[in-house]
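Examination of the molecular architecture
Here is how the chains run, residue by residue.
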Amino acid sequence: MNDFWSYWYFHIPNFILAAVMYTLMGRLLLGLFVPESWDNYIWRFFKTVTDPFLRIVRTVTPSILTLPVVIVFSVLWLMTLRIGYLVLLINFGIAPMASQGG
Amino acid sequence: MDRNALVPVMAVAIVNGIFSPWVLMVFLFYPVWYPAWAPPLSQIVYMASALILSTMTIMLAGVPAALYERWSAQPRSVVVSSIWLAGTVLLTLPALPNVMRALSGG
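What you are looking at is a predicted structure, and each value in this text was computed from that prediction instead of being measured.

**Details of the packing of aromatic side chains**
Where two aromatic rings form a pair, the distance of their centres and the angle of their planes describe that pair. Residues and elements named next belong to chain B. Summed over the entire model, instances satisfying the criterion amount to seven aromatic pairs over all chains. Aromatic side chains Phe 27 and Tyr 30 sit 6.4 Å apart centroid to centroid with 40° between the ring planes, which places their arrangement in the tilted category. Look at Phe 27 and you get partly exposed, because its relative accessible area is 23%. Taken together, the ring pairs in this structure connect Phe 27, Tyr 30, Trp 33 and Tyr 34 into an aromatic cluster.

Written out as structure tokens, the structure reads:
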């Protein structure tokens, strides 16, 4: 069994969180150049993937902050979640270890 | 809520970003968050660590303020900004010894 499936409980959640995180970064970057209501399929995909998470972060963010700030906060929350999950697994002694390869 | 109320929150968060002992933890975790293509200069990594910590201070301190704003029937902006500022000051307490040391020039 390869390393991915040995540590699926780390890799799969980490992959999903990373995917949402980078999609948020993409939305933030693209949002600098396009209007929020743009009807392009890539933009709609970015919004579909990130909107559920943005709604959660919006709940714990004061309403004075604008959407781009909420996106930055969401990226940081996701980064914190990923690192926190890794630290949790390290504490339980079940985190994936770096191998020497070969 | 008045935008000017953000100024003291941001000022305290910047102080926390520079002087907090947690900045070392963020710095040590740099392989996780620092892009591989960026120059691995310790000064730049430290600056980015301070920036991340400042932003996270504002973010975490904003949670109780936001929850008050959502759950209160008639939220008052002065209360929201006070909760936010109090949270930021609370998170900055561990940085105080370093601030004092810097102010005394030692």
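Here the narrative resumes, following the displayed structure.
**Considering helix α1 (residues 6-19) of chain B**
Residues and elements named next belong to chain B. Here α1 contains 14 residues, and its C-alpha end-to-end distance of 20 Å stays within 8% of the 20 Å for a straight helix at 1.5 Å per residue. Every buried residue of α1 is accounted for by Leu 6, Val 9, Ala 13, Asn 16 and Gly 17. Around the axis of α1, the buried residues are gathered within 100° of arc, so they sit on the same side. Looking at the buried side of α1, the elements it contacts are α2 (22-28), α4 (42-71) and α5 (77-92).

**A look at the interface of chain A and chain B**
Each partner contributes to the interface: chain A provides 17 residues, whereas chain B provides 21 residues. Summed over the three residues of chain A that lose the most area to chain B, namely Pro62(A), Ile64(A) and Leu76(A), the buried surface amounts to 34% of that side. Taken together, chain A and chain B are joined by zero salt bridges. Taken together, the connections running from chain A to chain B amount to three residue pairs in polar contact (both at pLDDT 80 or more). If you list the elements that add at least two residues to the side of chain A that touches chain B, you get α3 (41-59) and α4 (67-92) of chain A.

**Describing the UniProt feature "transmembrane region" (unreviewed entry) in chain B**
All names here are of chain B. Under the local residue numbering, the UniProt record ascribes the feature "transmembrane region" (unreviewed entry) to residues 7-32, 44-66 and 78-96. The annotated region residues 7-32 carries 88% helix and 0% strand content, and the separation between its end C-alpha atoms amounts to 31 Å. Structurally, residues 78-96 comprises 84% helix and 0% strand, and the distance from its first C-alpha atom to its last is 26 Å.

**Digging into the confidence of the model for chain A**
Here chain A averages 90 in pLDDT, while 94% of its residues score no lower than 70. The least confident element of chain A, judged by mean pLDDT, is helix α1 (residues 3-6) of chain A at 81; the most confident is α3(A) at 94.

**Regarding the confidence of the model for chain B**
For chain B, the mean per-residue pLDDT works out to 92, and 99% of the residues sit at or above 70. Among the prediction metrics, the complex's ipTM stands at 0.86, with pTM recorded as 0.88.

**Some points on α3(A)**
All names here are of chain A. Between its terminal C-alpha atoms α3 stretches 27 Å, which fits the 27 Å expected from 19 residues at 1.5 Å a residue. At Thr 50, α3 is deflected by roughly 45°, the largest bend along its length, and proline Pro 52 occurs up to four residues later in sequence. Of the residues flanking the start of α3, the one acting as N-cap is Asn 40, its side-chain oxygen 2.7 Å from the backbone nitrogen of Ile 42.

**Side note on the packing of α1(B) against α4(B)**
All names here are of chain B. Direction vectors running N to C along α1 and α4 enclose 140°, while the axes themselves pass 8 Å from each other. Considered as vectors, α1 and α4 are oriented oblique to each other. In terms of crossing hand, the pair formed by α1 and α4 is right-handed. Mapping the contact onto sequence places Val 9, Met 10, Ala 13, Ile 14, Asn 16, Gly 17 and Ile 18 in α1 and Tyr 46, Ala 50, Leu 53, Ser 54, Thr 57 and Ile 58 in α4.

**Quick look at the pattern of salt bridges**
Opposite charge on two side chains permits them to pair, given that their charged atoms come into close proximity. Residue and element names in this part refer to chain B. Counted according to the given criterion, the structure contains five salt bridges over all chains. Glu 69 serves as the salt-bridge partner of Arg 70, at 3.6 Å between the closest nitrogen and oxygen. Its relative accessible area of 32% is what places Arg 70 among the partly exposed residues. On the accessibility criterion, Glu 69 (14% relative accessible area) is buried.

Rules and cut-offs
- Residues numbered from 1 in each chain as written.
- Chains lettered and ligands numbered in written order.
- Predicted model: local features only at pLDDT ≥ 70, side-chain atom pairs only at ≥ 80, totals over all residues.
- Heavy atoms only, no water.
- Phe/Tyr/Trp six-rings, centres within 6.5 Å; stacked < 30°, edge-to-face > 60°.
- Buried < 20%, exposed > 50% of the residue type's maximum accessible area, 1.4 Å probe, protein only.
- Helix = DSSP H or I, 4+ residues; strand = E, 2+ residues; numbered from the N terminus.
- Expected span 1.5 Å × (residues − 1).
- Arc of directions from axis to C-beta.
- Contact = heavy atoms within 4.5 Å.
- Buried area = accessible area lost by both parts, 1.4 Å probe.
- Salt bridge = Lys/Arg side-chain N within 4 Å of Asp/Glu carboxyl O.
- Polar contact = N/O pair within 3.5 Å; in protein donor to acceptor, adjacent residues only side chain to side chain.
- UniProt positions renumbered as here; feature names shortened; annotations may be inferred.
- pLDDT = per-residue confidence, 0-100.
- Bend = angle between axes of the 7 residues up to and from the residue.
- Axes fitted to C-alpha atoms, helices over the stretch in contact; angles between N-to-C directions.
- Parallel < 35°, antiparallel > 145°, perpendicular 65-115°, else oblique.
- Left-handed = near helix turned anticlockwise from the far one by under 90°.

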